[in-house]
Amino acid sequence: MKILITGANGQLGTELRHLLDENQIEYVGTDAAELDITNAEAVNTYFEANKPELVYHCAAYTAVDAAEEEPGKSINYKVNVVGTQNIANAAEAVGATLVYISTDYVFDGTNNQMYTEETPAAPKNEYGRTKLAGEEAVANTMSKYYIIRTSWVFGEYGKNFVYTMLNLAKTHDHLTVVSDQVGRPTWTRTLAEFMLYSVKNDVPYGLYQLSNDNSCTWYEFASEILKDKAVEVSPVTSDEYPQKAFRPRHSIMDLTKIKATGFEVPTWQDALKSFMTKIGE
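Described in the following lines is the structure provided in the data block. (Residues numbered from 1 in each chain as written. Predicted model: local features only at pLDDT ≥ 70, side-chain atom pairs only at ≥ 80, totals over all residues. Heavy atoms only, no water.)

### Describing the overall build of the protein
So, step 1. Counting secondary structure elements, the protein contains 9 helices and 12 strands.
So, step 2. Radius of gyration (C-alpha) of the protein: 18 Å, near the 19 Å computed for a compact globule of 281 residues.
So, step 3. In terms of overall dimensions, the protein has a C-alpha envelope of 55 × 40 × 35 Å along the principal axes.
So, step 4. The burial tally for the protein puts 52% of its 281 residues in the buried class.
So, step 5. A separation threshold of at least 6 residues defines the contact pool for the protein, and within that pool the share at least 24 residues apart is 81%.
So, step 6. Roughly 12,700 Å² of accessible area belongs to the protein as shown, and the carbon and sulfur atoms make up 48% of that amount.
So, step 7. Each charge sign in the protein was given a centre, from 24 positive and 38 negative side chains, and these centres are 1 Å apart. (Helix = DSSP H or I, 4+ residues; strand = E, 2+ residues; numbered from the N terminus. Rg over C-alpha atoms; globule rule 2.2 N^0.38 Å. Buried < 20%, exposed > 50% of the residue type's maximum accessible area, 1.4 Å probe, protein only. Contact = heavy atoms within 4.5 Å. Areas by Shrake-Rupley, 256 points an atom, 1.4 Å probe, with all protein chains shown as cover. Lys, Arg positive; Asp, Glu negative; His and termini not counted. Charge placed at Lys NZ, Arg CZ, Asp CG, Glu CD.)

This is the structure we're talking about:
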């Protein structure tokens, strides 16, 4: 099977490449330098020439706060909406299967229960709106696709909350972390493993939600990350830590559908422990 990874040098794309390498699965990885997904002509030409059968669409604009104002807003839209539509059009034209990664930010964060795949989306920031538009582009264009919503992503190969906390702990003896936003952390390894699993095991096409199991606040997540470090972590409210982009206060996604596929979902605590061991912490 001819496999293409867009955004191959990003946090998830790099994790996915390493996992494919471990499984001796051949693929081609592209990033913006090799394939400008916002250029429809370039995308169509690439797909017509290479005819991938499976596309892991990891390319995305993920600067959530920058997406709230220009120039980030326009870049966010071009990459996450226009780029995804271009990829979907080209993938459908060659009969490929498309795997698209979305986000819990498609929800408004007001639901005190878990969000299922059927819960109506109501994004309240620009990033969430464009990722939802990307979902719609895929669902309305593709015959064979997986849309995978994820949340609070951390991994070995990019900037993320875990690295931020570890780095801050080197220069601070006291940190404050938001305690009124609840969600589920996701290790890129877990996400990449499901991306492979879904195709290999002929999981039914459609929309899925994947994170590591169990939930926590950012404060609880930080406390677990730094439990063996000489640093005090204190809780604060979102109002005490203002950000440009709205963050859902409660974005726990239901994992029932993903578990029904037979995929084993580790807890975020186990995933974090494995990740910390891997990076030598």
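### Overview of the pairing of strand β1 (residues 3–6)
So, step 1. With burial as the criterion, each face of β1 is covered, one bearing Ile 3 and Ile 5 and the other bearing Leu 4 and Thr 6.
So, step 2. By the bridge criterion, 4 bridges tie β1 to strand β3 (residues 54–57) in an arrangement that is parallel. Bridging from a neighbouring strand, Ile 5 pairs with Tyr 56 of β3.
So, step 3. Examined bridge by bridge, β1 and strand β2 (residues 28–30) share 3 bridges and lie parallel to one another. Considered in β2, the bridge of Ile 5 is made with Gly 29.
So, step 4. The β-α-β motif built from β1, the intervening helix α1 (residues 11–22) and the parallel element β2 has right-handed crossover chirality. (Pairing = 2+ DSSP bridges. Right-handed = clockwise from strand over helix to strand, strands pointing away.)

### Some words on the nonpolar core
So, step 1. Within the largest apolar cluster, 27 residues are counted, with the highest numbers of intra-cluster contacts made by Leu 16, Tyr 56, Val 99, Ile 148, Met 195 and Leu 210.
So, step 2. Of all the elements in the fold, those that place two or more residues in this core are β1, α1, β3, β4 (97–103), β5 (145–150) and α6 (188–200). (Core = buried A, V, L, I, M, F, W, Y, C linked by side-chain atoms within 4.5 Å.)

### Digging into unusual backbone geometry
So, step 1. Here the amide bond leading from Glu 70 into Pro 71 is cis, since omega sits at 0°, within 30 degrees of zero.
So, step 2. On the secondary structure map, Pro 71 appears in the loop between β3 and α3 (72–93).
So, step 3. Non-glycine residue Lys 51 carries a positive phi angle of around 45°.
So, step 4. Considering the arrangement of structural elements, one finds Lys 51 in the loop between α2 (40–50) and β3.
So, step 5. By relative accessible area, Lys 51 is classed as partly exposed at 49%.
So, step 6. Of note, Asn 214 is a non-glycine position whose phi angle comes to about 75°, a positive value.
So, step 7. Structurally, Asn 214 is set in the loop between β10 (206–209) and β11 (216–217).

### Quick notes on α1
So, step 1. With 12 residues, α1 should reach 16 Å at 1.5 Å per residue; the first-to-last C-alpha distance of 17 Å fits that figure.
So, step 2. Looking at α1, one finds that the buried residues are Gln 11, Leu 12, Gly 13, Thr 14, Glu 15, Leu 16, Leu 19 and Leu 20.
So, step 3. Just downstream of α1 lies Gln 24, where phi reads positive at about 55°. (Expected span 1.5 Å × (residues − 1).)

### Digging into the environment of Thr 38
So, step 1. Assignment of secondary structure puts Thr 38 in the loop between β2 and α2.
So, step 2. With a relative accessible area of 29%, Thr 38 lands in the partly exposed category.
So, step 3. Taking C-alpha positions, Thr 38 is 24 Å from Leu 207, a pair spaced 169 residues apart along the chain.
So, step 4. The residues touching Thr 38, leaving out its near neighbours within four places in the chain, are Lys 78, Val 79, Val 82, Gly 83 and Asn 86.
So, step 5. There is a polar contact of 2.6 Å between the side chain of Thr 38 and the side chain of Asp 36. (Polar contact = N/O pair within 3.5 Å; in protein donor to acceptor, adjacent residues only side chain to side chain.)

### Focus: the packing of aromatic side chains
So, step 1. Throughout the structure, instances matching the rule amount to 18 aromatic pairs.
So, step 2. Ring geometry for Phe 107 versus Tyr 115: centroids 4.2 Å apart, planes at 20°, classification stacked. Like Phe 107, the residue Tyr 115 is buried in the burial classification.
So, step 3. Look at Phe 194 and Phe 263: their rings are 5.3 Å apart centre to centre, the planes differ by 70°, and that puts the pair in the edge-to-face class. (Phe/Tyr/Trp six-rings, centres within 6.5 Å; stacked < 30°, edge-to-face > 60°.)

### Describing the side chain of Thr 30
So, step 1. One can find Thr 30 in strand β2.
So, step 2. You can call Thr 30 buried: its relative accessible area is 3%.
So, step 3. Discounting residues that sit within four places of it in the chain, Thr 30 has contacts with Leu 4, Ile 5, Thr 6, Gly 7, Ala 8, Leu 35 and Tyr 46.

Taken by themselves, the reported measurements are silent on function.
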